[in-house]
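# Residue-level structure breakdown
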Amino acid sequence: MPQLQVRQRGEVLRSLNLGRQLSIGRTPDNGLPLRDPSVAVRHAEISVEGGALLLTDLAGSETGTFVNGYRLTPH
């Protein structure tokens, strides 16, 4: 099963097993809540499709989603 590691400044804060889908957002009802004002309520989603991971930006132009310093295209 794929795993997601949440890191801050190189330190692993949390490890999560990825099922079919993981929501990321500011509120506690998300699979990965990130309590930061720059994170939207439903910010992004990670899904497993055919053994590959797909990260979808749900926030759109509101705040954007970045991976390794690169901004993802909304939706």
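First things first, this report covers the structure right here in the doc. (Residues numbered from 1 in each chain as written. Predicted model: local features only at pLDDT ≥ 70, side-chain atom pairs only at ≥ 80, totals over all residues. Heavy atoms only, no water.)

## A closer look at unusual backbone geometry
- The backbone of R9 shows a phi angle near 55°, a positive value even though the residue is not glycine.
- With respect to the helices and strands, the residue R9 is situated in the loop between β1 (3–8) and β2 (11–17).
- Although it is not a glycine, N68 sits at a positive phi angle of roughly 50°.
- Turning to its location among the elements, N68 is positioned in the loop between β7 (66–67) and β8 (70–71).
- Residue classification places N68 among the exposed positions, given a relative accessible area of 73%. (Helix = DSSP H or I, 4+ residues; strand = E, 2+ residues; numbered from the N terminus. Buried < 20%, exposed > 50% of the residue type's maximum accessible area, 1.4 Å probe, protein only.)

## With respect to the sheet that holds strand β6 (residues 52–57)
- Taking strand neighbours across the sheet as the criterion, the 4 strands line up as β4-β3-β5-β6 in an open arrangement whose pairing is mixed. Every other strand in the sheet has two partners, leaving β4 (32–33) and β6 as the edge strands with one partner each. (Pairing = 2+ DSSP bridges.)

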